[in-house]
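What follows is the residue order along each chain.
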Amino acid sequence: GNSVTQMEGPVTLSEEAFLTINCTYTATGYPSLFWYVQYPGEGLQLLLKATKADDKGSNKGFEATYRKETTSFHLEKGSVQVSDSAVYFCALTGSGNTGKLIFGQGTTLQVKP
Amino acid sequence: DTEVTQTPKHLVMGMTNKKSLKCEQHMGHRAMYWYKQKAKKPPELMFVYSYEKLSINESVPSRFSPECPNSSLLNLHLHALQPEDSALYLCASSPGQVVGPTNEKLFFGSGTQLSVL
């Protein structure tokens with residue numbers, strides 16, 4: 001079945017640093033790919049998504065490109081803020097249109113002033 | 001209204017108690033989900049309701065009993081839970097069940113933090 005692997009955290013950065021969180025996947029067919037973010041004490045929010053190869057999802061300064069050749073969907077931001085501190089989950093749709101999302105293990109980002 | 005509202009936010013229960021978690025959305029979404037999330041782990045799917053019918057049960061123990069009284073409400077009834085069931089329980093909704101190919105996304109509530117003593 002489909003699966004996703006994220007880089008282990010925690011990731012600690014200074015404010016205005018460049019962020020990359022790696023995500024790779026294995027899948028049959030053509031899954032859609034997502035990044036969700038979970039702030040402390042809250043549920044998950046969709047950050048961005050991409051539904052086909054070479055699509056770039058972007059939101060709030062974050063970007064990720066659907067790379068079929070490397071089966072990757074790395075999250076990047078050019079200049080992080082303290083308010084970006086959260087847990088980031090890479091996810092993809094399960095095989096067979098079952099309505100499932102397969103989540104990665106999550107990467108904790110801490111941004112220090 | 002683009003929110004999924006969950007109540008209560010926190011719940012402490014004994015192993016012999018019966019309690020219910022509630023979830024409500026008024027976005028007209030026809031698919032609703034229960035997820036369980038342990039600390040520092042990703043959410044794990046428990047149940048999916050599509051058009052008020054249970055469409056996915058991820059082999060969840062019978063001490064968890066979902067209910068969808070109408071298209072806006074989703075309940076999770078809890079009975080005889082174990083301490084290992086302590087977790088954050090997240091409700092989510094989407095316009096339809098299929099996530100991804102139709103560009104739909106999940107809207108999550110803030111969750112109920114459950115502690116079983």
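Just so it is clear, the structure is predicted and the values come from calculations on it, not from any experiment.

Calculation rules
- Residues numbered from 1 in each chain as written.
- Chains lettered and ligands numbered in written order.
- Predicted model: local features only at pLDDT ≥ 70, side-chain atom pairs only at ≥ 80, totals over all residues.
- Heavy atoms only, no water.
- Helix = DSSP H or I, 4+ residues; strand = E, 2+ residues; numbered from the N terminus.
- Buried < 20%, exposed > 50% of the residue type's maximum accessible area, 1.4 Å probe, protein only.
- Pairing = 2+ DSSP bridges.
- Axes fitted to C-alpha atoms, helices over the stretch in contact; angles between N-to-C directions.

### Let's talk about unusual backbone geometry
Argument step 1. Residue Pro10(A) is reached from Gly9(A) by a cis peptide bond, and omega for that bond is 0°.
Argument step 2. Note on placement: Pro10(A) falls in the loop between strand E1 (3-6) and strand E2 (11-14).
Argument step 3. Cis geometry marks the peptide bond from Thr7(B) to Pro8(B), where omega comes out at -10°.
Argument step 4. Relative to the elements of secondary structure, Pro8(B) occurs in the loop between strand E1 (4-7) and strand E2 (10-13).
Argument step 5. One non-glycine residue with positive phi stands out, namely Ser59(B), at about 55°.
Argument step 6. For Ser59(B), the position within the fold is in the loop between strand E6 (53-57) and strand E7 (64-70).
Argument step 7. For Ser59(B), a relative accessible area of 71% gives the class exposed.

### A short note on the sheet that holds strand E9 (residues 75-77) of chain A
Residues and elements named next belong to chain A.
Argument step 1. The strand order across the open sheet built from four strands is E3-E9-E8-E7, with neighbouring strands paired in antiparallel fashion. Of all strands in the sheet, those bounded by a partner on one side alone are strand E3 (19-21) and strand E7 (56-59). The sheet shows a mean angle of 15° between the axes of neighbouring strands, taken without regard to direction.
Argument step 2. Sheet topology note: the E3/E9 ladder contains three bridges and is antiparallel. Residue pairing across strands places Ile21 opposite Leu75, the latter belonging to E9.

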